[in-house]
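Reading the structure
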Amino acid sequence: MSRPELLSTRRLNRALLARQFLLERQKTSVLRVLSQLVGLQAQVARPPFVGLWTRVRDFERDDLLRALRSRKAVRLTAMRGTLHLMTAKDAVALRGALQPMLSRGMRSIPGSRASDLDLDLDALDAAARTFFGRAPATFDALRTHLKQMHPRGDERAMAYAIRMQLPLVQMPTDAPWGFPASADFTLAETWLRQAIRTDTAPAHELVKRYLAAFGPATPADAQTWSGLQGLREVFEELRPKLVTFRDDRNRELFDLPAAPRPPEDTPAPVRFLPEFDNVLLSYADRSRVLDEKYRSKITTKNLLVPGTFLVDGFVAGTWKVERKPRVATLTLALFQPLTRRSVTPLEQEGQALLDFLEPDAATRNVRTGRTS
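Below or above, wherever it landed, is the structure these notes cover.

Quick notes on the rules
- Residues numbered from 1 in each chain as written.
- Predicted model: local features only at pLDDT ≥ 70, side-chain atom pairs only at ≥ 80, totals over all residues.
- Heavy atoms only, no water.
- Salt bridge = Lys/Arg side-chain N within 4 Å of Asp/Glu carboxyl O.
- Helix = DSSP H or I, 4+ residues; strand = E, 2+ residues; numbered from the N terminus.
- Buried < 20%, exposed > 50% of the residue type's maximum accessible area, 1.4 Å probe, protein only.
- Pairing = 2+ DSSP bridges.
- Expected span 1.5 Å × (residues − 1).
- Arc of directions from axis to C-beta.
- Axes fitted to C-alpha atoms, helices over the stretch in contact; angles between N-to-C directions.
- Parallel < 35°, antiparallel > 145°, perpendicular 65-115°, else oblique.
- Left-handed = near helix turned anticlockwise from the far one by under 90°.
- Contact = heavy atoms within 4.5 Å.
- Nonpolar A, V, L, I, M, F, W, Y, C, P; charged D, E, K, R; others polar.

Comments concerning the pattern of salt bridges
Summed over all chains, the structure comprises 29 salt bridges. Note that Glu 275 and Arg 46 form a salt bridge whose closest N and O atoms lie 3.6 Å from each other. Of this pair, Glu 275 sits in the loop between β9 (271-273) and β10 (307-311) while Arg 46 sits in the loop between β2 (40-41) and α3 (47-53), and the two are 229 residues apart along the sequence. Residue classification places Arg 46 among the buried residues on the basis of a relative accessible area of 19%. Across the salt bridge formed by Arg 323 and Glu 358, the nearest N and O atoms sit 2.6 Å from each other. With Arg 323 in strand β11 (residues 314-323) and Glu 358 in the loop between α14 (340-357) and β13 (363-370), the pair connects residues that are 35 residues apart, well separated along the chain.

So this is what it looks like as structure tokens:
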């Protein structure tokens, strides 16, 4: 039996960039990109717009807003128990495969809240369906309602259990980025006009979708992305339909046979990633896109993940926008000095990003400096 082909870190990097539409902006639809990426993390409303802007040629804010308002894209709890923006089709199809992870998260509430999980979950589910069935509402309103129903209970634990068990979607509004800071939720089956099954489903299709977006990868990588456990067995069952490689640490990597794996010298343009982009959150080993020595710079104590930018395919710094009444400033914090040949396209792409984010600012400035 021949030894699996060795894929260098740069080759893995280019495979990731190709599948994430980061080698070249695509002239395609928002829904196709969301489908290919299996969603965009959406803990905050704005980042998915940036994630699409950096991947889709001539992307405009209204392109995503129309998909949301037409109910073809939805914001809901998905991978890792976090809010994601997904196609409605994937939200329905993949929920069953994700449910074991969501149920496990529901049971892992810290001990001070665990007693609330002794409640009849079926009764809690029914109460939540009735509550959200009357009218869309925020989770603050849900917690108030639960406190009235169970004065001695922990309303936050009960609300969290509902969030993990009951399929809910956030309702888009006329807010600039589609959702206000505290958005209303409604029943997914009501919004999408179809039943959403929450009984456990096999994860085989989910794993194949992961590999299409992030492969070649290990079972541990897929578990990091999804939050699911025990995916090694699924990979083994899929092995006859997959191809295998090894990395420079001799780990076995799995992939779809026809998935793109460009040469390592494929040019990679400067690209900006939004906060919480899944490119940084979908591997147990992030070395294909982030040097380990910089990991602490993008992992904060409060679990925030800043916006980052890629130079030659790898994370080279972070970015943030500050807005004053008439002036918007994009600050680029470099991890290490870059050549002028790299800085020029970085600042040009940064200027384009700032124009997209702050079109009504009279003055838009890009500033470049080193991190502390």
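Quick notes on the sheet that holds strand β7 (residues 243-246)
Reading across the sheet, the three strands line up as β1-β7-β8 and stay open at both edges, with mixed pairing between neighbours. Strands with a single pairing partner mark the edges of an open sheet, and in this sheet they are β1 (5-6) and β8 (252-255). In the sheet, β1 pairs with β7 via two bridges, with the strands oriented parallel. Counterpart to Glu 5 in the pairing with β7 is Phe 245.

Focus on α14
Here α14 spans 25 Å end to end across 18 residues, near enough to the 26 Å set by a 1.5 Å rise per residue. Those residues of α14 that sit buried are Val 343, Leu 346, Glu 349, Gly 350, Leu 353, Leu 354, Phe 356 and Leu 357. Taken around the axis of α14, the buried residues stretch over an arc of 150 degrees, which confines them to a single face. Turned more than 90 degrees away from the buried face of α14 sit Arg 340, Arg 341 and Gln 348, all of them exposed.

Overview of the packing of helix α7 (residues 121-134) against helix α8 (residues 139-149)
Two elements in contact, α7 and α8, have axes separated by 11 Å at closest approach and are oriented at 130 degrees. When the interaxial angle is binned, α7 and α8 end up oblique. Handedness of the crossing formed by α7 with α8: right-handed. Contacts from Leu 124, Ala 127, Phe 131, Phe 132 and Arg 134 of α7 reach α8 at Phe 139, Ala 141, Leu 142, His 145, Leu 146 and Met 149. For the contact of α7 with α8, a count of residues per class yields nine nonpolar, one polar and one charged.

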